[in-house]
Amino acid sequence: MSALEKCPPLTRQSVQEAHKRIEPYIHRTPVITCHTINILASTPQAERCPSSGLNTASESAPHDRNQHGNALEYKARPNVKLFFKCENQQKIGAFKARGAFHALGRLVEEEGIENVRQKGVVTHSSGNHAQALALAAKTFEVPAHIVMPTISTPSKISGTKSHGANVIFSGSTSDEREAVVADVIEKTGATLVPPYDHPNIILGQGTQALELEEQVEDMLAHDPTLGIPSKTRLDAVIAPIGGGGMLSGICVALEGTGIKVFGAEPNFEGANDAELGLKQNKRIDKVKTLTIADGLRTPVGDIPWKIITDKSKLAGIYSVDEVQIKAALRLAMERAKLFIEPSAAVPLAVILYNEEFRKLVEREAGPDGWNVGIILSGGNTTMEAIAKLFQAAEKEAERAESKVTTNGERVAENVAG
Amino acid sequence: MADIARCPPLTRSSVQTAHKRIQSYIHRTPVVTCETLNLLASTPQSERCPSSDPNIASEPAPHDGKQNEGASKCTARPKVKLFFKCENQQRIGAFKARGAFHALGRLIEEEGIENVRKKGVVTHSSGNHAQALALAARTHGVPAHIVMPTISTPSKIAGTQALGAHVLFSGSTSEEREAVVADVIKETGATLVPPYDHPDIILGQGTQALELEQQVEDMLAQDPSLGISGKKKLDAVIAPIGGGGMLGGICVALHGTGIKVFGAEPEFEGANDAELGLKQDKRIESVKTLTIADGLRTPVGDIPWSIITDKQKLAGIYSVTEEQIKAALRLIMERAKLFVEPSAAVPLAVVLYNEEFRKVLGREAGEEGWNLGIVLSGGNTTMEAIAKLFEAPKKTEERAEAKVTTNGEKVAENVAG
């Protein structure tokens, strides 16, 4: 990887330059709004109808009795207009394409294309970074070796292979993984392009924030009713955090703009290492979790940690549980019609269900309200994975696909429109 | 309903006027492109890899032994660039909002708002038209009575009720449904707003074609690489057909432009009544099918029939199997990251799997290729319905959600990016 000291400084300007470098290779993904979700987010949890049945297009109090009990006491009423940055529609279906293209581009700038092609690149990744680097490498005709744990989602494995990368499987622990990577480097001289713990990666990921900022300004100039009246720009952005490459990139990109940056994490089995680490003022360097937010199972890296512990860069991190992530995932799909992976639903889950965060937004946004950007980080999941997440009792499922009447009869229908 | 005699004529100009009427009430939904789907559509079926494992994001030869065999003989190689009109992101999640707002708007023009508010409106619909009319009615402060079969998708029932409509349930047959409607009219004097068999509805639905036509021209002017080189506009459009309100409207909207219009139907249990009817030159008036394309279970109405039998207006209708619809649905979600309902996947299924249509495309598009618009008619389905459609055996599910290794071990992972 490019030597750290030769990397550009971690500043907004560096992100702007990174953006110019990668622009021809990535998509300027759309930013969209959803009236229904704005209303839900601006309604106290206490006032949203708890779901009366899994098949009802319900308001989104998660379907858990415990939750319902507490939800009645949750009265925060933030006034928000949400702007979704659709990185699920990015090249390879996730924001990681940005970091990969930037890191590889910088490597080629520094060492020359011939050298890079001769040595190749290597990384270890279970998912989106694997596909991202595979695509960037294919684009520059650089050999790519991707070390993937055997546990990786099959669709991500085959996605990586489809870009021509050489996929090598490793055992589950980081030691085993790093051993295989070291092997590859020894045999091929390949350069390591890590998934998040490097400035070039961080700068690449940060470019999405520049686009989001600009796109919202343009949208509001064109149609002010999309946002808070008389406001011309974003007040805040919330994004998921796993390794921290994206969140820290966003912090760097938006520094000095006055736009506050928040992080969103799962808290299942200690996946909220960033949130807890910030509280105890010490980075947690090991995480073992099977949260459904499979892109966020990793602890925060060293360089991202330095950025997110800077209170002038990051305003805070909030976490949500598995049920809340599922509920937000359902809403993003069923209401906003956006196909996203579970990790991408985490920030929306925080806005809808984390009462601590909702109180903060209510306080800071005041009666005026806030324009809040939400990063939808990726859309790499499969119908089978969704089926598993949302399997209902067969009876209710049959009702959902309208094959039986409310009385249990099975009839075919001459149903108009 | 507005008296047919007083309706505007079914011409492109009338659709343009209809668009002006409803513009402020509906969304000008986005048009998106997807390189992966362009590539798949332009590759012969015989050259696409059949899936060896349902959990792999495979090329989409449908996962049926018979189909795979047949696929090796399917060698048509049409050259196409696809443009998806995202009516799944329309008000109430489907294109039906257009027809409802137009029909109600014309009714108000003719009878005056006070009259219409006094009498109210009524319709029978199992799905999207119910929600659409409920929304239009609420917008204008008009009472709405919606008769829904007990078999309707629960989320669509709830959606309709949430919009303030008075929902009445009826039995499954059209006689029972129409009896309840007649009852309501007798008691309330409400005006019937049918789901598709009326000029005002057809003109409303047609407005999406005007937008699509213009949006593609704008997109190609800005970035010609999105389409066939040297071409500035669409060559053809393909849309689903159930009752025929939308397809009829699109035919009328594009008449005289040179843009060819095609229809797409499910064939399961005789759902392809339009395709068969055209072949035998006689409208089929009764359909009893449980196709997963639940919005398309109805036979074509009289007025739409008179439009689609005009070869100058409609170039042809093609049908697909349930497996093919599912495969296309998977692709739209997993590759293009768009959340659509099964009915909306039918046109893409035709483009990808109907060899007869692919031969037509290959012939008519020639060496140059065609810019082809595809209407994604709606996104009103639920996680449970999808789960039911795509249930996989236990082992493969756990692999899909990355909980077991390829060797069957269950481990938690410190997985990087």
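In this text, all values refer to a predicted model and were calculated from it rather than measured experimentally.

A.B. asks: So, the overall build of chain B: which residues are in play, and what are the values?
C.D. replies: Counting its regular elements, chain B contains 17 helices and 10 strands. Residues classed as buried in chain B amount to 64% of the 417 residues present. Restricting the contact set of chain B to residue pairs at least 6 apart, pairs at least 24 apart contribute 75%. When the accessible surface of chain B is totalled, it reaches about 15000 Å², and 49% of it is carbon and sulfur.

A.B. asks: Lay out the overall build of chain A in plain terms, naming residues and giving numbers.
C.D. replies: The helix and strand inventory of chain A stands at 17 helices and 10 strands. Contacts in chain A between residues at least 24 apart in sequence constitute 75% of all its contacts with a sequence separation of at least 6. Surface exposure of chain A reaches about 15000 Å², of which carbon and sulfur atoms provide 49%.

A.B. asks: Describe in detail the UniProt feature "domain: Tryptophan synthase beta chain-like PALP" (unreviewed entry) in chain A, supporting the description with residues and values.
C.D. replies: UniProt records the feature "domain: Tryptophan synthase beta chain-like PALP" (unreviewed entry) for residues 76–378 of chain A in the present numbering. Taken end to end, residues 76–378 of chain A is 46% helix and 16% strand, and its first and last C-alpha atoms sit 29 Å apart.

A.B. asks: Talk me through the pairing of strand 7 (residues 236–240) of chain B; I want residue IDs and the actual numbers.
C.D. replies: All names here are of chain B. Among the 5 residues that make up strand 7, 5 are buried, leaving the element largely enclosed by the rest of the structure. Where burial is concerned, the two faces of strand 7 agree: the one with Ala236, Ile238 and Pro240 and the one with Val237 and Ala239 are both buried. Inspection of the sheet shows strand 7 paired to strand 8 (residues 260–266) by 5 bridges, in the parallel sense. Looking at strand 8, one finds that valine 237 is bridged to valine 261. Following the backbone out of strand 7, through helix 10 (residues 245–254) and into the adjacent parallel strand 8, one traces a crossover that is right-handed. Where strand 7 meets strand 10 (residues 370–376), 3 bridges bridge the pair, whose relative direction is parallel. Each bridged residue has a counterpart across the sheet, and for isoleucine 238 the counterpart in strand 10 is isoleucine 374.

A.B. asks: With reference to specific residues and values, describe the sheet that holds strand 2 (residues 80–86) of chain B.
C.D. replies: Residue and element names in this part refer to chain B. Taken in spatial order, the 6 strands line up as 1-2-10-7-8-9 in an open sheet, and their pairing is mixed. Strands with a single pairing partner mark the edges of an open sheet, and in this sheet they are strand 1 (31–32) and strand 9 (316–320). Both strand 8 and strand 9 contribute to a ladder of 5 bridges, which runs parallel. For glutamate 265, the partnering residue across the bridge sits in strand 9 and is serine 319. Against the sheet, helix 10 engages strand 7, strand 8, strand 9 and strand 10, with an angle of about 160° to strand 7.

A.B. asks: Report on the packing of helix 13 (residues 322–334) of chain B against helix 14 (residues 346–353) of chain B, specifying residues and quantitative values.
C.D. replies: Between two packed helices, what matters for the description is the angle formed by their axes and the separation of those axes. Residue and element names in this part refer to chain B. Axis separation between helix 13 and helix 14 bottoms out at 8 Å; the angle between their running directions is 105°. With respect to their mutual orientation, helix 13 and helix 14 come out roughly perpendicular. Between helix 13 and helix 14, the residues in contact are Gln324, Ile325, Ala327, Ala328, Leu331 and Ile332 and Val346, Leu348, Ala349, Leu352 and Tyr353, respectively. Of the residues in the contact of helix 13 with helix 14, the class split is 10 nonpolar, 1 polar and no charged.

A.B. asks: Give me the lowdown on the pattern of salt bridges, citing residues and values where you can.
C.D. replies: Under the defined criterion, the tally for this structure stands at 46 salt bridges over all chains. In this structure, lysine 187 of chain A engages aspartate 183 of chain A in a salt bridge whose closest nitrogen and oxygen atoms are separated by 3.6 Å. On the criterion of helical spacing, the pair formed by lysine 187 of chain A and aspartate 183 of chain A is a turn pair, its members being 4 residues apart in helix 8 (residues 174–188). A relative accessible area of 38% places aspartate 183 of chain A in the partly exposed class. The salt bridge partner of glutamate 213 of chain B is arginine 12 of chain B, with a shortest N-O separation of 3.0 Å. Highlighted residues: glutamate 213 of chain B in helix 9 (residues 199–222) and arginine 12 of chain B in helix 1 (residues 12–22), separated in sequence by 201 residues. What makes glutamate 213 of chain B buried here is its relative accessible area of 10%. Taken together, the salt bridges that share partners define one network made up of Arg6, Arg21, Arg106, Glu109, Glu110 and Asp200 of chain B.

A.B. asks: Describe the pairing of strand 4 (residues 144–149) of chain A, listing the residues and the values that go with them.
C.D. replies: Residue and element names in this part refer to chain A. Counted residue by residue, strand 4 has 6 buried out of 6 residues, so it is predominantly covered. What you see with strand 4 is no split at all: Ala144, Ile146 and Met148 on one side and His145, Val147 and Pro149 on the other are buried throughout. Note: strand 3 (residues 121–124) against strand 4, 4 bridges, orientation parallel. Paired with threonine 123 across the strands is isoleucine 146, a residue of strand 4. In the classification by handedness, the crossover that spans strand 3, the intervening helix 6 (residues 128–140) and the parallel strand 4 is right-handed.

A.B. asks: Which residues make up the environment of glutamate 47 of chain A, and what are the values?
C.D. replies: All names here are of chain A. Residue placement: glutamate 47 occurs in the loop between helix 2 (35–41) and helix 3 (65–71). Among the residues examined, glutamate 47 registers a relative accessible area of 47% and is labelled partly exposed. Distance from glutamate 47 to glutamate 73, taken between C-alpha atoms, is 9.7 Å for residues 26 residues apart in sequence.

A.B. asks: Break down the side chain of threonine 298 of chain A for me, with residues and values.
C.D. replies: All names here are of chain A. Inspection of the secondary structure puts threonine 298 in the loop between helix 11 (273–280) and helix 12 (302–308). Residue classification places threonine 298 among the buried positions, given a relative accessible area of 1%. A distance of 2.8 Å separates a polar atom in the side chain of threonine 298 from a polar atom in the side chain of tyrosine 196.

A.B. asks: Talk me through the sheet that holds strand 5 (residues 166–170) of chain A; I want residue IDs and the actual numbers.
C.D. replies: Residues and elements named next belong to chain A. Ordered by their spatial adjacency, 4 strands build an open sheet running 5-4-3-6, and the pairing between neighbours is parallel. Looking at which strands have only one partner, the edges of the open sheet turn out to be strand 5 and strand 6 (191–192). One ladder, built from 2 bridges, connects strand 3 with strand 6; its direction is parallel. Directly across from valine 121, in strand 6, lies its bridge partner threonine 191. Packing of helix 7 (residues 154–162) onto the sheet brings it into contact with strand 4 and strand 5, and relative to strand 4 it is tilted by some 170°.

A.B. asks: Outline helix 14 (residues 346–353) of chain A, listing residues and values.
C.D. replies: Burial runs high along helix 14 of chain A: 8 of the 8 residues are buried. Every buried residue belonging to helix 14 of chain A is among Val346, Pro347, Leu348, Ala349, Val350, Ile351, Leu352 and Tyr353 of chain A, and all of these are buried.

A.B. asks: Tell me about the environment of lysine 388 of chain B, and please be specific about residues and values.
C.D. replies: Within the secondary structure, lysine 388 of chain B sits in helix 16 (residues 383–389). Taking the C-alpha atoms as reference points, lysine 388 of chain B and valine 184 of chain B, 204 residues apart in sequence, are found 36 Å from one another.

A.B. asks: I'd love a proper account of the confidence of the model for chain B, names of residues and values included.
C.D. replies: This prediction gives chain B a mean pLDDT of 89; 88% of its residues lie at or above 70. Within the model, pLDDT remains below 50 along residues 411–417 of chain B, and this stretch shows 45 contacts once partners closer than five positions in the same chain are excluded.

A.B. asks: So what about the confidence of the model for chain A? Which residues, and what values?
C.D. replies: Residues and elements named next belong to chain A. When the pLDDT values of chain A are averaged, the result is 89; 88% of them are 70 or greater. Counted against residues more than four places away or in other chains, residues 60–66, with its pLDDT under 50, gives 23 contacts. Predicted confidence for residues 393–397 stays below pLDDT 50, and this span has 5 contacts to residues more than four positions away or in other chains.

A.B. asks: I'd like a description of unusual backbone geometry, backed by residues and values.
C.D. replies: Residues and elements named next belong to chain A. One non-glycine residue, serine 230, adopts positive backbone phi at about 70°. Tracing the chain through its elements places serine 230 in the loop between helix 9 (199–222) and strand 7 (236–240). Exposure remark for serine 230: the relative accessible area of 74% places this residue in the exposed category. For lysine 337, which is not glycine, the phi dihedral falls at a positive 60°. By the secondary structure assignment, lysine 337 is in the loop between helix 13 (322–334) and helix 14.

A.B. asks: I'd like a description of the side chain of asparagine 88 of chain B, backed by residues and values.
C.D. replies: Its place among the elements puts asparagine 88 of chain B in the loop between strand 2 and helix 4 (96–111). Look past the residues within four positions of asparagine 88 of chain B in its chain and what remains in contact with it is Lys337 of chain A together with Gly93, Leu338, Phe339, Val340, Leu376, Ser377, Gly378 and Gly379 of chain B.

A.B. asks: Can you lay out the packing of aromatic side chains for me, pointing to particular residues and giving the numbers?
C.D. replies: Counted by the stated rule, this structure contains 12 aromatic pairs over all chains. Three or more aromatic residues link up through ring pairs in this structure, and these residues are Phe262, Tyr318, Phe357 and Trp370 of chain A. Its end group placed over the ring of phenylalanine 390 of chain A, lysine 326 of chain A keeps NZ or CZ at 5.5 Å from the ring centre. Lying over the aromatic face of phenylalanine 390 of chain B, lysine 326 of chain B brings its terminal NZ or CZ to 5.6 Å of the ring centre.

Criteria and cut-off values
Residues numbered from 1 in each chain as written. Chains lettered and ligands numbered in written order. Predicted model: local features only at pLDDT ≥ 70, side-chain atom pairs only at ≥ 80, totals over all residues. Heavy atoms only, no water. Helix = DSSP H or I, 4+ residues; strand = E, 2+ residues; numbered from the N terminus. Buried < 20%, exposed > 50% of the residue type's maximum accessible area, 1.4 Å probe, protein only. Contact = heavy atoms within 4.5 Å. Areas by Shrake-Rupley, 256 points an atom, 1.4 Å probe, with all protein chains shown as cover. UniProt positions renumbered as here; feature names shortened; annotations may be inferred. Pairing = 2+ DSSP bridges. Right-handed = clockwise from strand over helix to strand, strands pointing away. Axes fitted to C-alpha atoms, helices over the stretch in contact; angles between N-to-C directions. Parallel < 35°, antiparallel > 145°, perpendicular 65-115°, else oblique. Nonpolar A, V, L, I, M, F, W, Y, C, P; charged D, E, K, R; others polar. Salt bridge = Lys/Arg side-chain N within 4 Å of Asp/Glu carboxyl O. Polar contact = N/O pair within 3.5 Å; in protein donor to acceptor, adjacent residues only side chain to side chain. pLDDT = per-residue confidence, 0-100. Phe/Tyr/Trp six-rings, centres within 6.5 Å; stacked < 30°, edge-to-face > 60°. Lys NZ or Arg CZ within 6 Å of the ring centre and 35° of its normal.

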